[in-house]
Amino acid sequence: MKRFIQVSIEGLGELMPSKSPNSNEDIQTARARELTIWDVELQTLPSHKSDLELKHGTLRAHADTLYRLGLIDAGEMQERRELVDAAFSVVVEDSSCSRLNWTAIGSAFFLSLKS
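Residues numbered from 1 in each chain as written. Predicted model: local features only at pLDDT ≥ 70, side-chain atom pairs only at ≥ 80, totals over all residues. Heavy atoms only, no water.

## Notes on the overall build of the protein
Consideration 1: Counting its regular elements, the protein contains three helices and two strands.
Consideration 2: Secondary structure elements in the protein, listed N-terminal to C-terminal, are β-β-α-α-α.
Consideration 3: Here the contacts in the protein between residues at least 6 apart in sequence split such that 54% fall between residues at least 24 apart.
Consideration 4: Of the roughly 8000 Å² that the protein leaves accessible, carbon and sulfur atoms contribute 58%. (Helix = DSSP H or I, 4+ residues; strand = E, 2+ residues; numbered from the N terminus. Contact = heavy atoms within 4.5 Å. Areas by Shrake-Rupley, 256 points an atom, 1.4 Å probe, with all protein chains shown as cover.)

## A few points about the side chain of Glu76
Consideration 1: Assignment of secondary structure puts Glu76 in helix H3 (residues 74-114).
Consideration 2: Residue Glu76 is classed as buried on the basis of its relative accessible area of 18%.
Consideration 3: Apart from residues lying up to four places away in sequence, Glu76 is in contact with Arg31 and Leu35. (Buried < 20%, exposed > 50% of the residue type's maximum accessible area, 1.4 Å probe, protein only.)

## Digging into the nonpolar core
Note on soluble globular proteins: their nonpolar side chains tend to be buried together.
Consideration 1: Counting residues in each nonpolar core, the largest one holds 14 residues, and the members touching the most others are Trp38 and Leu59.
Consideration 2: Put simply, the parts of the chain that give this core at least two residues each are helix H1 (24-43), helix H2 (52-68) and H3. (Core = buried A, V, L, I, M, F, W, Y, C linked by side-chain atoms within 4.5 Å.)

## Notes on the packing of H1 against H2
Each pair of packed helices gets described by two things: the angle between the helix axes and the distance between those axes.
Consideration 1: Closest axis-to-axis distance for the H1/H2 pair is 11 Å, and the angle between their directions is 160°. In terms of orientation, H1 lies roughly antiparallel with respect to H2. Judged by the sense of rotation from one axis to the other, the crossing of H1 with H2 is left-handed. Only Lys55, Leu59, His62, Ala63 and Leu66 of H2 make contact with H1, whose side of the interface consists of Glu34, Leu35, Ile37, Trp38, Glu41 and Leu42.
Consideration 2: Among the residues making up the contact of H1 with H2, the classes are represented as seven nonpolar, one polar and three charged. (Axes fitted to C-alpha atoms, helices over the stretch in contact; angles between N-to-C directions. Parallel < 35°, antiparallel > 145°, perpendicular 65-115°, else oblique. Left-handed = near helix turned anticlockwise from the far one by under 90°. Nonpolar A, V, L, I, M, F, W, Y, C, P; charged D, E, K, R; others polar.)

## Focus: the pattern of salt bridges
Consideration 1: With the rule as written, the count across this model stands at seven salt bridges.
Consideration 2: For Arg31, the salt bridge is made with Glu76, and the minimal N-O distance between the two is 2.8 Å. Here the residue Arg31 occupies a position in helix H1, and Glu76 occupies one in helix H3, the gap between them amounting to 45 residues.
Consideration 3: Since its relative accessible area comes to 26%, Arg31 is described here as partly exposed.
Consideration 4: As a salt-bridge pair, Asp85 and Arg60 come within 2.6 Å of each other at their nearest N and O atoms. One end of the pair, Asp85, is in helix H3; the other, Arg60, is in helix H2, and 25 residues separate them in sequence. (Salt bridge = Lys/Arg side-chain N within 4 Å of Asp/Glu carboxyl O.)

## Here we look at H2
Consideration 1: Given a rise of 1.5 Å per residue, 17 residues ought to cover 24 Å, and the 24 Å separating the end C-alpha atoms of H2 matches this to within 8%.
Consideration 2: Leu52, Lys55, His56, Thr58, Leu59, Arg60, His62, Ala63, Asp64, Thr65 and Leu66 are the residues of H2 that are buried.
Consideration 3: Gly70, located one to two residues past H2, shows a positive phi value of around 80°. (Expected span 1.5 Å × (residues − 1).)

Have a look at this one:
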């Protein structure tokens, strides 16, 4: 019996008994589907502020899994890992700036009440 790893929408692999893809079309279909899922998950990263680190790790693991399955090459895996790291940094930075802005606004409001 042949086995292969099927990647779920969350980017976590499940070992599923199945027929191995037997044609280039099956592999290309799987590649297109998985890259679409990965791209959508990357675009929704900013909306996952409560579990941002988990989503970041999941996207990196998904890229690694796609590489191990031979759906992407090493260069594309590295590019996708860099993309998710950059997106993570932007979300964290925006979140920090947002807190700082509210602190500054709150401080200015407090100072204006004292005057």
